[in-house]
Amino acid sequence: MVAVSQGYLVPGPGFAGTVHSVFATACNLVVDGLLLTVHDAAAPHTPTSVRVTGWRPEARAGEPVRCSAGILSFGPHVLDLRAVPVWTPPPPPTPPLSLSPTPVRARSVITGAEQVAELRERHVLARGIGVPGLDVRAERLLEALTDRPYEVPGAVARLVGFGPGLTPSGDDLLVGTLAVLSRIGRPAARAFHTLADGVRVHAHRTTDVGAHYLRLAAEGHFSEPIIGLVDALVSGAGLPARTKAALRVGASSGADGVAGVLLGLRVLGFSPDRKAA
Amino acid sequence: MWSEHLDVVNVGLAGFGDDLRAAGGSVTTLDWRPPAGGDPDAALALARLVGHPEVERANQVAFERYLSAQPVLTDVVPAKEAITEMAGERLILHSGPPIAWERMAGPVRGAIAGAIVFEGWAQTPGQAAELAASGAISFAPAHHYGAVGPMAGVISPSMPVWVVRDATSGRLAYSNFNEGLGKVLRFGANGPDVLDRLRWIGGELAGALRPAVRRLEGLELKPLIGQALHMGDEVHNRNAAATGLLLKRLLPALIATEPDNAVLRRAAEFITGNDHFFLNVSMAACKAMLDAAAGVPHSSMVTAMARNGVNFGIRVSGTGDRWFQAPANPVDGLFFPGYSVDDAAPDLGDSAITETAGLGGFAMAASPAIVKFVGGTPADATAHSRRMREITIGTNPVFTLPALDFGASAAGIDVRAVADTGLQPVINTGIAHKEAGVGQIGAGVTTAPLPCFTQAVVALADGLGLAGAAA
Amino acid sequence: MSSIREHRIYPNRYQDSVALMALSAALAELPGIQAASVVMGTGTNLDNLREAGLGEVDAGPGDLVVAVMGDEPATVRALELADERLSEQPSSRGAGGEVAAPPLRSLRQAVEENPAHNLALISVPGPYAAAEALKALRLGLNVMVFSDNVPLDQEIEIKRFAEERDLLVMGPDCGTAIVNGLPLGFANVVRRGRIGVVGASGTGMQEITSRIHQLGEGVSQALGTGGHDLSAEVGAISMLRGLRALAADDGTDVIVLLSKPPAETVAKAVVEEARALDVPVVICFLGADPAAFGGDTPGVRFAATLAGAADAAVALVRGADRPAESPAEAYEQVCFAPGQRDLRGVFSGGTFCYEAQLLARAEGIRAASNTPVAGNTMPADVAVSTGHTLLDLGDDVFTRGRPHPMIDPAPRDERLLAEAVDPATAVVLFDVVLGYGAADDPVSGLLEAIEQARAVREGPAPAFVAHVCGTDDDPQDRSAVVARLREAGVLVAENNAQAAVIAARMTP
């Protein structure tokens, strides 16, 4: 088992913690309030992940985690992190979407969003992973973000921790929305901060893993596939591949995150009705 | 070396090994991990012991003594006759390293209370517990008197013990009688039925077996164990075949002593009804083989592994009577319906003496049935047995494993190898309920905790003047 | 039959969402069940259970909740089924079959498996390195210790023990070696030849061996001693041993010794030993005055720079007394804006930073550095440069447990960008180190940083001066790297010394 890369928020050479949870190809470790994920290199980067090849997790929840001088050990596993390249997210795409994009630019983003929505629809139907009630809650958030900012905390509360799974669907959706609002820059700054504040207040209401990713998102930290998708929507390059990569995350997390990205675009006015107008 | 072909062991960054291979070199990259549990001082002490001529020599002597021991079942006697220190004393032996009454685990306390009532020193288990707490009873590890017992391992003066003699050295080893499953003293039960059974074992059963065993004039146990390994036992958690083999030898002798028919029937029923009957005999045999290897100065061979329900302890040939202790590791096992890990007592008992002697978890390849306890496959079992060879001085040619092409079982654990590789000895074990008297609630596999071995390494280095900052 | 509600809570149990959805569906399909839900016990989900009529459940967000509603025997059955499905062991263990041999964990295991092993390359963290080295020596292996931060008393212990056993120890803190033609650690692909090198500096050895190759000669052995070998405490145990070993080697005709300034008594002992040999020796003690050691004699030549040492050795092996003068790289003086006056160096090779500081000092440039030579100073803030600044980005203050910039060049490229956009910067000096161990593509990030700097900066961009340490046979191919840099307008010098002198002279 060899570590091949680590996220930019994985702490320095020495720390201690405990094993939080163990899955077929991933382990979560709690370290200084952060949740580090050691997972197979087949899965993409997150800010707090360590990607490894050739392993089957054999640690158990509650076992101690130790990292000294760059050697990370937990359960029977030992990883050498000293010479492992660090993944850092690319800078936001240039030029950014401005407050009033040219009609051509706006149309291209909307067309892209439609393409993404269609791919997501197919993905969800094929796997039967639709979560009833999620869309109603999402619409509520959209209305709050566009018209009634004082209702944002309430709308967030109805999403945080909603749905089954390790990272409940509502959490994944919120992360997707935050990703769009954070990477698109100035025009979305106010919406991002309103939403991030709401998320910070309610993050404790979900699972540990869900709360971890929500808190990261509220600080502007996102995983590789979601960043790739948002940037592809802005630049128009490689959109189908980036969409599929984003959908592949987790069991249903990918689809929920993509739903969040589409919601974020609508918050910014990139919706089909506008294209028609 | 300039003319030699370079053959490199790469310890650390894997990339260097890949580069060397790309450049045409021969290279083996280790799956390295910080040795000695990550303690740099202990790691250095360990390094100074690797290949140390004194230690290597001592290990040869100790291992040779272990191999040449000939455990023979010779007698059945009350404990106070075998262990003269117990005669007329209120001394009770228990499993594992030394421990005070106040710190003992629930099942051990229950068993001791039962033994006190059994001896007639108190009327009820409650009074017995008070008596034990008052300091009026002495406690000591069975290991300190050449004895071993499974689980609580409680031996009181009137209980009968098996006597196993090492024909090579003349040394004696003892173990108590196996009471069967369910509510039994070794799991801390001490109700009237438990005590009644103990009285019957000490009276009628021991009385019947004593002349029968003596009639056998020394039953050689190593060949019997070797045979059981070929019949699906690993002689720790599975003793079905060995119990049958023992009975095969015992029954004709028993009949030849012409016992009362009712006695014979009850004895035969009891023995045939308990697949673990041989376990205690196996443990005494292992104890005899390992005591033969004890006390060789500077030897790093483990001579005992035992648990008292709180700590796991090991003893090492070159460090005399010292125990090196650490909290016991959790058991990876299956629980009987209705019980979970929350109900389990920490790992308990002297029965890891079987692993110390190369049986049990070390011989798991012999017993695919046992692997089911941990949801594993026969391949996992052979992997366990193979892996143990990495931490032993050698193998025992008398204990061969069919699944390993009749290769010999790993034996003679070297504390240096355990500390160096981090491979912890595998132990097959039963799981006791944490409350006294409930009994066995599961079975599984655990490991001997690493800190015991690193402590032993430091002590050995100290004995050679090699511990400390610079040597 | 009246319907009842039942639930069960599994603390700290995690399953993926698809598994939970599938289980919810399976439970709902059981006859007699009206509703079923399997969710994590977050507040929102508990509210939902209540709304769905599945009752009040008291659980935390880390708990898995199974809630069912239906007639009594059905709810019992449903909870049993859920329990069974949630307790299933992952079936990843594979059924039967042969298990692959487990990887070897210890040196003892490796030597037992293959007694032909004769060298251990050790790159574990410093606190454990001496122990691994000692084990290797006790098992009869020669040793190279790449690891740094090994306590000095432990370094002395392993070196003395190796002497007793007549074994070779390179390091601790030995980055580079070439033994019997094989690269160990960070090393370049150089042809085999008749020049032996013993050095206390890894990148310094890479520069010398690469240049020997570039000049058409080859290397017999390159033995690293580690950065602390020539301290008064260690007393050059490894360098003296290496020197004698190469002198006795039939394949070596000329020996090069290399170190940053050694402790004086130690240096004298080394020079004395060198003078006593039949083999000619070139000595490069960076920053030391040869006169202090008696200067050149027929058997011992002193060189002031790494490149100079390689040149002298090549001349000697070819039977010439002195190296031919190598032509200086031509450069055009650039026009700088007023206020553009600083030289900024961002190095990945520590010895390159050191040598550049020495040569810049000789050109009258006093610089700040995190590894200052005599006469230079530490910067007030290593994160922000002011004035002439030459930085070693492989130093602990920059790496902090992260990979060395030779492995992961991104942090160095970022710093280069920061220096290049500073309006005070006139010249940016940097190195590119190739070879085994180094990054597969050390250039693309650099070129991006240079391009970005030129795009962002208003007014004239700084001049970029570089040198590339390596050979055309390295996996990264030196001439390809040089061509890419030149195409991007970087002035690429022949060697580090030349780059440093050019950069210093260009600086206004």
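For every chain, the first residue of the written sequence is number 1, and numbering continues from 1 onward in sequence order. Whichever chain is written first becomes A and whichever ligand is written first becomes 1, with later ones labelled in order. Only residues with pLDDT of at least 70 are given local features in this predicted model, and only at 80 or more are side-chain atom pairs given and counted; all residues enter the totals for whole chains, interfaces and linings.

1. Overview of the overall build of chain C
Basically, it comes down to this: By definition, any uninterrupted DSSP run of H or I lasting at least four residues is a helix, any uninterrupted run of E lasting at least two residues is a strand, and each is numbered from the N terminus. To sort residues by exposure, count the other C-beta atoms lying within 10 Å of each residue's C-beta; 20 or more gives buried, 12 or fewer gives exposed, and values between give partly exposed, all with C-beta atoms placed from the backbone.
In terms of regular secondary structure, chain C is built from 16 helices and 18 strands. Projected onto its principal axes, the C-alpha positions of chain C cover 110 × 65 × 35 Å. The burial tally for chain C puts 55% of its 508 residues in the buried class.

2. Some points on the overall build of chain A
We count it as follows: As a reference, a globule follows 2.2 Å times the number of residues to the power 0.38, and the radius of gyration itself is taken over C-alpha atoms. Residue pairs qualify as contacts under a 7 Å threshold applied to their C-beta atoms, which are placed from the backbone.
Counting its regular elements, chain A contains ten helices and nine strands. In summary, chain A has a C-alpha radius of gyration of 19 Å against a globular reference of 19 Å for 277 residues, a match within 12%. Principal-axis analysis of the C-alpha atoms gives chain A an extent of 60 × 35 × 35 Å. Buried positions account for 53% of the 277 residues belonging to chain A. Sequence-distant contacts in chain A: of pairs separated by 6 or more residues, those separated by 24 or more amount to 67%.

3. Re the interface of chain B and chain C
In many reports, interface size means the accessible area that the parts give up when they come together. Rules: Any residue outside Ala, Val, Leu, Ile, Met, Phe, Trp, Tyr, Cys, Pro, Asp, Glu, Lys and Arg is labelled polar, Gly included; the first ten of those are nonpolar and the last four are charged.
Of the residues lining the interface, 48 residues belong to chain B; the matching set on chain C comes to 51 residues. Of all the secondary structure elements, the ones that give two or more residues to the side of chain B that touches chain C are strand 1 (7–11), helix 1 (14–22), helix 2 (40–49), helix 14 (378–388) and helix 15 (415–421) of chain B. The element best represented in the side of chain B that touches chain C is helix 2 of chain B, accounting for six residues. Grouping the amino acids of the side of chain B that touches chain C by side-chain chemistry returns 27 nonpolar, twelve polar and nine charged.

4. Section: the environment of W87(A)
All names here are of chain A. Residue position: W87 is located in strand 9 (residues 86–87). Taking the C-alpha atoms as reference, W87 lies 32 Å from L141; in sequence the two are 54 residues apart. Contacts of W87, omitting those with residues within four sequence positions, involve S5, Q6, G7, Y8, H45 and E224.

5. Some thoughts on the interface of chain C and chain A
Taken together, the contact pairs 27 residues of chain C with 32 residues of chain A. Those elements that place two or more of their residues in the side of chain C that touches chain A are helix 1 (17–28), strand 2 (33–40), helix 2 (43–51) and helix 5 (126–138) of chain C. Broken down by element, the side of chain C that touches chain A gets its largest block of residues, four residues, from helix 1 of chain C. Each residue belonging to the side of chain C that touches chain A can be placed in one class, and the counts come to 13 nonpolar, ten polar and four charged.

6. Regarding the domain arrangement of chain C
Keep this limit in mind: Each domain span listed reflects an automatic or database assignment of domains.
Its domain assignment divides chain C into domain 1 (4–88), domain 2 (105–173), domain 3 (177–326) and domain 4 (342–506). A separation of 61 Å is found between the C-alpha centroids of domain 1 of chain C and domain 4 of chain C.

7. Some remarks on the pairing of strand 3 (residues 71–78) of chain B
Residues and elements named next belong to chain B. Quick reminder of the rule: At least two bridges found by DSSP between two strands are what make those strands a pair.
Pairing of strand 3 with strand 7 (residues 160–166) involves seven bridges; the strand directions are antiparallel. When the bridges of strand 7 are listed, P71 appears paired with D166. One ladder, built from two bridges, connects strand 3 with strand 9 (residues 219–220); its direction is antiparallel. Bridged to V72 within strand 9 is E220.

8. Comments concerning the domain arrangement of chain A
Residue and element names in this part refer to chain A. Taken as a whole, chain A is organised into domain 1 (2–87) and domain 2 (103–276). Computed from C-alpha atoms alone, the centre-to-centre distance between domain 1 and domain 2 is 27 Å. Every contact between the two is made by nine residues of domain 1 and, on the other side, nine residues of domain 2. A class-by-class count of the residues in the side of domain 1 that touches domain 2 yields five nonpolar, four polar and no charged.

9. Focus on unusual backbone geometry
Trans peptide bonds make up most of the peptide bonds, and negative phi angles are found at most residues other than glycine. Residue and element names in this part refer to chain C. Cis geometry is found at the peptide bond from G171 to P172, where omega equals 10 degrees. Despite not being glycine, D166 shows a phi value in the positive range, around 60 degrees. Following the sequence through the fold, D166 ends up in the loop between helix 6 (152–165) and strand 6 (169–170). Overall, the presence of 7 C-beta atoms within 10 Å leaves D166 in the exposed class.

10. Observations regarding the sheet that holds strand 1 (residues 4–10) of chain C
Residues and elements named next belong to chain C. Quick note on the threshold: Between N-to-C directions, angles span 0 to 180 degrees; the directions come from axes that are lines fitted to C-alpha atoms, helices contributing only their stretch in contact.
Read from one edge to the other, the open sheet built from three strands follows the order 1-3-2, with strand pairing classed as antiparallel. Edge positions in the open sheet fall to strand 1 and strand 2, since each of these has one partner strand only. When the angles between neighbouring strand axes are averaged without regard to direction, this sheet yields 10 degrees. Here strand 2 runs beside strand 3 (residues 64–70); their pairing, made up of seven bridges, is antiparallel. The residue bridging I33 from the neighbouring strand is G70, located in strand 3.

11. Some details on the sheet that holds strand 3 of chain B
All names here are of chain B. The strand order across the open sheet formed by five strands is 6-8-7-3-9, and the pairing between neighbours is mixed. The sheet terminates laterally at strand 6 (147–148) and strand 9, the two strands that pair on one side only. Taken together, the two bridges between strand 6 and strand 8 (residues 172–175) define a ladder with parallel strand orientation. Across the sheet, A147 pairs through a bridge with Y174, a residue of strand 8. Taken strand by strand, helix 7 (residues 192–216) contacts strand 3, strand 7 and strand 9, and its axis lies near 145 degrees from that of strand 3. Its contacts with the sheet put helix 11 (residues 279–293) on strand 3, strand 6, strand 7 and strand 8, and the angle it makes with strand 8 is roughly 150 degrees.

12. Looking at helix 11 of chain B
Within an α-helix, residues lying three or four positions from one another point in the same direction, as the helix has 3.6 residues per turn. Residues and elements named next belong to chain B. Quick note on the threshold: Expected span of a helix, by definition, is 1.5 Å for each gap between consecutive residues, and there is one gap fewer than residues.
Under the 1.5 Å per step criterion, the end-to-end length of helix 11 is 22 Å for 15 residues, consistent within 8% with the ideal 21 Å. A large share of helix 11 lies buried, amounting to 15 of its 15 residues. Downstream of helix 11 by a residue or two, G295 has a phi angle that is positive, lying close to 75 degrees.

13. Focus: the environment of V57(C)
Within the secondary structure layout, V57(C) lies in the loop between helix 2 and strand 3. Excluding anything up to four places from it in sequence, V57(C) contacts H7(C), G41(C), L46(C), L49(C), V65(C) and A67(C).

14. A few points about the nonpolar core
Formally: Working definition: the nonpolar core is a set of buried Ala, Val, Leu, Ile, Met, Phe, Trp, Tyr and Cys residues, joined through C-beta atoms within 7 Å.
Ranked by size, the top nonpolar core spans 412 residues in total, and within it V457(B), L257(C) and V465(C) carry the most contacts. If we ignore the near neighbours within four places in the chain, the residues touching V465(C) are V427(C), L429(C), L491(C), A493(C), A499(C), I502(C), A503(C) and M506(C).

15. Section: the confidence of the model for chain C
All names here are of chain C. As a reminder of what qualifies: On a scale of 0 to 100, pLDDT captures the predictor's confidence in every residue.
When pLDDT is averaged across chain C, the result is 90; 95% of the residues are at 70 or more. Within chain C, no element has a lower average pLDDT than helix 1, which sits at 79, and none a higher one than strand 14 (residues 342–347), at 98. Below a pLDDT of 50 lies the segment residues 89–99, which in the model reaches 15 contacts outside its immediate sequence neighbourhood of four places, other chains included. Note on the complex model: pTM 0.82, ipTM 0.89.

16. Quick word on helix 3 (residues 53–68) of chain B
Residues and elements named next belong to chain B. Which entries qualify depends on this criterion: The arc in question is traced by the directions running from the helix axis to the C-beta atoms.
For helix 3, with 16 residues, the first-to-last C-alpha span of 23 Å sits near the 22 Å given by 1.5 Å per residue. Three or more residues of helix 3 are buried, namely V55, A58, N59, A62, F63, R65 and Y66. Buried residues in helix 3, looked at end-on, bunch into an arc of 155 degrees, giving them a common side. Looking at the buried residues of helix 3, the elements they touch are helix 2, helix 11, strand 15 (392–401) and strand 16 (407–413).

17. Brief notes about the packing of helix 1 (residues 103–127) of chain A against helix 9 (residues 253–267) of chain A
All names here are of chain A. Operational definition: Here the word oblique covers every angle except those under 35 degrees (roughly parallel), over 145 (roughly antiparallel) and from 65 to 115 (roughly perpendicular). Each crossing gets its hand from how the near helix is turned against the far one by less than a right angle, where anticlockwise is left-handed and clockwise is right-handed.
Viewed as axis vectors pointing N to C, helix 1 and helix 9 meet at an angle of 155 degrees, and their least axial separation amounts to 10 Å. One way to sum up the angle between helix 1 and helix 9 is to call them roughly antiparallel. In terms of crossing hand, the pair formed by helix 1 and helix 9 is left-handed. Of helix 9, the residues touching helix 1 (which contributes V109, A113, V116, A117, R120, H123 and V124) are A255, V258, A259, L262 and L265.

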